[in-house]
Amino acid sequence: MTSTVIIIPSRLKAKRLPGKPLKLIKGKEIILHVYNLAVKSGAGEVLVTTPDKTISELIDNNGGKSFISKESHETGTDRVFEAFKNFYSSEPKIIINLQGDMPNLDPNSILFLSDYLNKGLCDVATLASSLKNKSEIEDKNIVKVVTKNDIEKSGFSEALDFKRAIDQTKNKFIYHHIGIYGFTNKALIRYVNLKRSKLELERNLEQMRALENNMKIHVGHMQSSPLGIDTEKDFLEVKKSMEQ
């Protein structure tokens, strides 16, 4: 087993788009696209953690590894932690929590994140891209991250805040947050043992739990902006893009 693992939480009962992991793009299920790009990254061993036997069998039948988690978890990170603890015996040093709904993510970005975490400069690392236009800034479905410095120049910088709605006049460095997280093992263990925080619940953004408990999150810049699939509209947009 490698010291870095990529754990992909996935379930069929998504609130906004039920059955999402099994929707087809180019004749292949979304979760398989994500699994394959994680393997392609070469960052570490890849595991899909899911409460659904259908997803588990799909991964296993395509030569992958899966872990059947319990049904109920408050967050995707809790599902990742269950796999880290029970499948990997809490041994990996770096854990990448890769969302199962980004089939067009650049595999190199996973390695970029993993390499940075291995430097030991932060508790949690994540990624962001530049906001393209005003509509992206105003879209509350797109999570924005505010950083201390310009990550287009510095590569990585400390995260100051995460918001869905943001005032550009009050924040200098604002980016489109990408839903992939890397934790050190100590940070992951600490995180899941913290109570859900005030802003985490208010904004429905679990990364706020880390910030509100003084955990250090660093944000790296990536050129592309992979769209997470949350709605049918997102699915059709990603499908069109990938099938062109």
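Before any of the text, the structure's been laid out above.
What counts, and at which threshold
- Residues numbered from 1 in each chain as written.
- Predicted model: local features only at pLDDT ≥ 70, side-chain atom pairs only at ≥ 80, totals over all residues.
- Heavy atoms only, no water.
- Buried < 20%, exposed > 50% of the residue type's maximum accessible area, 1.4 Å probe, protein only.
- Helix = DSSP H or I, 4+ residues; strand = E, 2+ residues; numbered from the N terminus.
- Polar contact = N/O pair within 3.5 Å; in protein donor to acceptor, adjacent residues only side chain to side chain.
- Contact = heavy atoms within 4.5 Å.
- Salt bridge = Lys/Arg side-chain N within 4 Å of Asp/Glu carboxyl O.
- Phe/Tyr/Trp six-rings, centres within 6.5 Å; stacked < 30°, edge-to-face > 60°.
- Lys NZ or Arg CZ within 6 Å of the ring centre and 35° of its normal.
- Core = buried A, V, L, I, M, F, W, Y, C linked by side-chain atoms within 4.5 Å.
- 1 Å grid on protein atoms, 1.4 Å probe; cavity = no way out; pocket = protein on both sides within 12 Å on 5 of 7 lines; lining within 4 Å.
- Points joined across faces, edges and corners; volume = space filled by probe spheres on them.
- Nonpolar A, V, L, I, M, F, W, Y, C, P; charged D, E, K, R; others polar.

A. Representation of helix α4 (residues 107-117) in the model. Within α4, burial applies to P107, S109, I110, L113, S114, Y116 and L117. N-capping of α4 is provided by D106, with a side-chain oxygen placed 3.0 Å from the backbone N of N108.

B. Geometry of the environment of G179. When you line up the elements, G179 lands in strand β10 (residues 174-184). Spatially, the C-alpha atoms of G179 and P21 are 16 Å apart, while their sequence positions differ by 158 residues. Apart from residues no more than four positions distant in its own chain, G179 is found in contact with N97, Q99 and M102.

C. Representation of the pattern of salt bridges. Overall, the coordinates contain 15 salt bridges when judged by the stated rule. The partner of E202 in a salt bridge is K198, and the shortest N-O contact between them spans 2.8 Å. One end of the pair, E202, and the other, K198, are both in helix α8 (residues 198-203), four residues apart, so they sit about a helical turn from each other. Note on accessibility: E202 and K198 belong to one class, exposed. With a shortest N-O distance of 2.9 Å, R209 and E200 are connected by a salt bridge. The pair R209 / E200 is uniform in exposure class, with both members buried. Each of the salt bridges in this network shares a partner with another, and the network as a whole consists of R16, K20, D101 and D230.

D. Looking closely at the packing of aromatic side chains. Using the criterion set out here, one finds six aromatic pairs in the structure. When the ring of F81 is compared with that of F84, the centres are 6.0 Å apart and the planes differ by 45°; the resulting orientation is tilted. A residue pair is termed a helical-turn pair when its members lie 3 or 4 positions apart in one helix, as F81 and F84 do in helix α3 (residues 76-86) at three residues. A relative accessible area of 0% means that F84 is categorised as buried. Members of the aromatic cluster, joined through ring pairs, are F67, F87 and Y88. Above the plane of the ring of F235 lies K23, whose end atom (NZ or CZ) is 5.1 Å from the centre.

E. Inspection of the nonpolar core at higher detail. One finds I6, I8, I96, L98, L105, I110 and I180 to be the most contacted residues of the largest nonpolar core, which totals 38 residues. The contact partners of I6, leaving out residues within four places of it in the chain, are A38, S41, A43, G44, E45, V46, L47, I96, L98 and I110. Counting residues in hydrophobic clusters, the runner-up holds 33 residues, among them V5, V80, F84 and L194.

F. Spotlight on α3. Burial of α3 is extensive: eight of the 11 residues sit out of reach of the surface. The complete set of buried residues in α3 reads T77, D78, R79, V80, F81, E82, A83 and F84. Turning to α3, the residues buried within the fold contact β1 (4-9), β4 (45-50), β5 (66-68), β6 (94-98), β10 and α7 (185-192).

G. Just empty space enclosed by the protein, in detail. For the structure on display, the rule yields one cavity of 30 Å³ or more. Of the volumes computed, that of the largest cavity is approximately 70 Å³. Lining the largest cavity, in full, are T77, V124, Y181, F183, Y191, E206, Q207, A210 and I217. Elements represented by at least two residues in the lining of the largest cavity include exactly β10 and α9 (207-212). Of the residues contributing to the lining of the largest cavity, the split by class is six nonpolar, two polar and one charged.

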